Amino acid sequence: MKLGIVVSEGPYTHQAADTAYHFAKAALDKGHEVPRVFFYHDGVNVATRLSVPPQDERHIQKNWTALAAANDIDMVVCIAAAQRRGILDENEAKRQGKDASNLAEGFRISGLGQLIEMGIECDRMVMFGD
Amino acid sequence: MKLGIVVSEGPYTHQAADTAYHFAKAALDKGHEVPRVFFYHDGVNVATRLSVPPQDERHIQKNWTALAAANDIDMVVCIAAAQRRGILDENEAKRQGKDASNLAEGFRISGLGQLIEMGIECDRMVMFGD
Amino acid sequence: MSTLHTVNKSPFGDGALSSCIAHCKAGDGVLLIEDGVYGALAGSAISEAVVACSADVAFYRLEGDVAARGLPGAKLIRQVKPVGYDGFVDLVTEYDRTQSWL
Amino acid sequence: MSTLHTVNKSPFGDGALSSCIAHCKAGDGVLLIEDGVYGALAGSAISEAVVACSADVAFYRLEGDVAARGLPGAKLIRQVKPVGYDGFVDLVTEYDRTQSWL
Amino acid sequence: MSDAKKFLYVNRKAPYGTIYALESLEVVLIAAAFEQDVSLAFLDDGVFQLTRDQSTDAIGVKNFSPTFRALGDYEVTKLFVEKESLDERGLDPSDLQEIVWEDEEEDWEEKPSIRIVSRAEMADIMADQDVVLSF
Amino acid sequence: MSDAKKFLYVNRKAPYGTIYALESLEVVLIAAAFEQDVSLAFLDDGVFQLTRDQSTDAIGVKNFSPTFRALGDYEVTKLFVEKESLDERGLDPSDLQEIVWEDEEEDWEEKPSIRIVSRAEMADIMADQDVVLSF
């Protein structure tokens, strides 16, 4: 089956990004497809490459980046939610006149249409949030 | 009186950073001192300079930066909370081998001791969070 | 020595206001802010608890938050007094300490 | 056509589980995850509601979250069945849709 | 694109204290372009999103409640509001804003978008969807 | 520095679902260096922070519960746990970990740090503080 995943809360503060990660991994292990993960609300904060968690904690962004690379998952960060919260890729940073960007590898910034499209094309959709 | 303020949630997602801002402004207008505001938990996300809210929304980071500059408020971002969530100043970015930093003007990164110190030295402490 | 309690969550989905009321002492104050202002609604599932507690605890609501949420004055518990951000500051200084029910 | 509901908040401070139970239909499933697993505690203020609902709704708890929170098996409602992340995936595919009570 | 799916947007949170209500509305506006069968459910604290006369000047936050009245233009015409949730909060249907849509097939007659439903009806509506998004 | 103030750290949230419990503990460990009068209150879902046998391997999150047992070394010896909160959750005091401190003045005798108190006693403890921090 095709399973779509939504992550609605930021890393470390809420468990949502962790649970979604373990769910995605288990789904892939069982042979399901996870074509896309959509990051919305504070979920966009998962996509910063500037996170430096303590050595003895999991690195949520790196876990997602690795999982997506190994399984060809399209990780989409909502542009409107990301702009409010200061998550920018290089293009957006340039366009907005900002001197830095912080989007991590494996994530791309796009619109909410990608969320609806995921709902249309996936057999099931699961939301993880607060 | 000396009033200490703690902001525990991120901008836009929760109202905490807004309410704290209006409270701080009102306190200063009444002649009280607000020597320090401490940003903890997701509150550290207020301090990113990469936020680009829609034109018709308030700019939470810029509001805080302006209020602090005009009133000599020490805005401290907890280092441990900030590292987890990807809020870094230039020094931290260098130290951690990161290629970008995102801390906004008027904020400084420091330890939790600054929170305790604020509790000791202020006459009242008010927490805004979730 | 008395405490100003602040509650910022709707009492219908969250237990903060109930817990706050259960830990208040006579002479304390409770200020409803943000989504906490829904606790000022009369005729609701929790309004009796607020009215009962207001016999020896002063209740306040942050007016800006009430207006934002479109709560009509006629529907509010009259024992819950309106304050602005400046009144919020006064309350913080008048009570001996502030406790946020986050 | 039936629904898998997920609840991720403690039922003691938050109304999500109550609301979920009030909107469940016979044949639905409820999976308790994250802080939602506290809803599996027996002898609590809300355990009767869970047991009553379990007559025609299947209840599950995510074992990793139960273990993390140190909830002893002997204290859990026996009608709430344990699943791992793989069982979570199976439930999502077995039911026709998933509704998250965020 | 496959056949139209039934999408339900479930709103259980109050406005302004958190951003979920606003960002939910942003999703609904985009969703309208996808020609799916869209419904909105308001229950628990979500019913507070629809109160009349919201005025956010003092808190310095954008008032997004007028946007609900524009939903009809996006062919989003089914806003289900749970009666029990209103009752518990001391609210009447008359405390909610009036939201209408124009029915093209009946000479653009204005019809109400808000439909007050019982908890049991809300459960039926939820059980009749392909995709349920929660905010 | 002025005279020692009474600091109360109020814990009302469960561990792991959100980070507040862990980050509260980080504050308490730092606070210990400031020689203030520190107490911790556990009520509502906060009592869940103290359960025994927490094992977080499956969720991939750091188990911070052993840190509570180190608090005695930081001279943090007053952990007040509300009985009514335990009761509502079907928990007994025996479901909580044992946390002790060594009393220097009584030949390093081990004494329990956790004190089960009634809701009324908890209210008294809260009312007896200079600074109350909520997590």
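Attention here is on the structure that accompanies the text.

Re the interface of chain A and chain B
No. 1: Listed as interface residues are 24 residues of chain A and, on the opposing side, 24 residues of chain B.
No. 2: Of the roughly 2300 Å² buried between chain A and chain B on both sides combined, carbon and sulfur atoms contribute 49%.
No. 3: The largest share of the area that chain A buries against chain B comes from Leu50(A), Val52(A) and Arg84(A), three residues that together contribute 30% of it.
No. 4: Counting across the interface, chain A meets chain B through four salt bridges.
No. 5: Notably, a salt bridge pairs Asp99(B) with Arg49(A), separated by 3.1 Å at the nearest N-O pair.

Observations concerning the relation of the copies chain A and chain B
No. 1: Here chain A sits on chain B after a turn of 180° about the axis and a move of 0.0 Å along it, with an RMSD of 0.0 Å. Within this description, the copies of the chain are treated as partners about a two-fold rotation axis. Among all residues of chain A, the minimum C-alpha distance to the rotation axis is found for Ala100(A), at 3.0 Å.
No. 2: Both copies share a contact surface, since 100% of the interface residues of chain A are interface residues in chain B too.

Some points on the packing of helix H1 (residues 16-29) of chain B against helix H4 (residues 85-94) of chain C
No. 1: With their axes 8 Å apart at the nearest point, H1(B) and H4(C) run at an angle of 75° to one another. Put simply, H1(B) runs roughly perpendicular to H4(C). Mapping the contact onto sequence places Thr19(B), His22(B), Phe23(B), Ala26(B) and Ala27(B) in H1(B) and Tyr85(C), Asp86(C), Phe88(C), Val89(C) and Val92(C) in H4(C).
No. 2: For the contact of H1(B) with H4(C), the per-class residue count stands at seven nonpolar, two polar and one charged.

Notes on the nonpolar core
One broad trend across soluble globular proteins is that nonpolar side chains are buried collectively.
No. 1: Residues Trp64(A), Phe107(A), Trp64(B), Phe107(B), Tyr9(E) and Tyr9(F) are the most contacted members of the largest nonpolar core, which totals 262 residues.
No. 2: When near neighbours in sequence (up to four residues on either side) are disregarded, Phe107(A) contacts Phe39(A), Val46(A), Ala47(A), Gln61(A), Trp64(A), Thr65(A), Met75(A) and Val77(A).
No. 3: Among the nonpolar cores identified, the runner-up in size contains ten residues, and Val52(A), Leu88(A), Ala100(A) and Val52(B) belong to it.

Some details on empty space enclosed by the protein
No. 1: Taken as a whole and assessed by the stated rule, the structure comprises twelve cavities of 30 Å³ or more.
No. 2: Along the wall of the largest cavity there are 15 residues; nearest its centre are Tyr12(A), Arg58(A), Tyr16(F), Ile19(F) and Val61(F).
No. 3: In terms of residue class, the lining of the largest cavity is made up of six nonpolar, five polar and four charged.
No. 4: What the second largest cavity holds in volume is close to 110 Å³.
No. 5: Lining the second largest cavity are 13 residues, and of these Tyr12(B), Arg58(B), Ile19(E), Leu22(E) and Val61(E) sit closest to its centre.

How each quantity is defined
Here, residues in each chain are numbered from 1, in the same order as that chain's written sequence. Each chain is given a letter, starting from A, and each ligand a number, starting from 1, according to the order in which they appear as written. Where totals are concerned, whole chains, interfaces and linings use all residues; where local detail is concerned, this predicted model gives features only for residues with pLDDT of at least 70, and gives and counts side-chain atom pairs only at 80 or more. As a convention, hydrogens and water are excluded, and side-chain values are obtained from all of the structure's heavy atoms. The contact criterion used is simple: two residues touch if any of their non-hydrogen atoms lie within 4.5 Å. Summed over both partners, the accessible area (1.4 Å probe) lost when two parts come together is defined as the buried area. Each reported salt bridge corresponds to a side-chain nitrogen of Lys or Arg within 4 Å of a carboxyl oxygen of Asp or Glu. When the copies are overlaid, the least-squares fit takes in C-alpha atoms only where the residue has pLDDT of at least 70 in both copies. Simply put, an axis is a line fit to the C-alpha atoms, just over the touching stretch for a helix, and the angle between two N-to-C directions goes from 0 to 180 degrees. Strands here mean DSSP runs of E at least two residues long; helices mean DSSP runs of H or I at least four residues long; both are numbered from the N terminus. The labels follow the angle: roughly parallel below 35 degrees, roughly antiparallel above 145, roughly perpendicular from 65 to 115, and oblique for the rest. When residue character is reported, Ala, Val, Leu, Ile, Met, Phe, Trp, Tyr, Cys and Pro are called nonpolar, Asp, Glu, Lys and Arg charged, and the others, Gly included, polar. What we call a nonpolar core is a set of buried Ala, Val, Leu, Ile, Met, Phe, Trp, Tyr and Cys residues that are connected through their side-chain atoms within 4.5 Å. Only protein chains enter the accessibility calculation, which uses a 1.4 Å probe; a residue whose area is less than 20% of its type maximum is buried, one above 50% is exposed, and one in between is partly exposed. Space inside and on the surface of the protein is sampled on a 1 Å grid over the protein atoms alone, with a cavity defined as a set of points where a 1.4 Å probe fits but cannot get out and a pocket as an open set with protein on both sides within 12 Å along at least 5 of 7 lines; lining residues have an atom within 4 Å of a point. Grid points are joined across faces, edges and corners, and a volume is the space filled by probe spheres set on the points.

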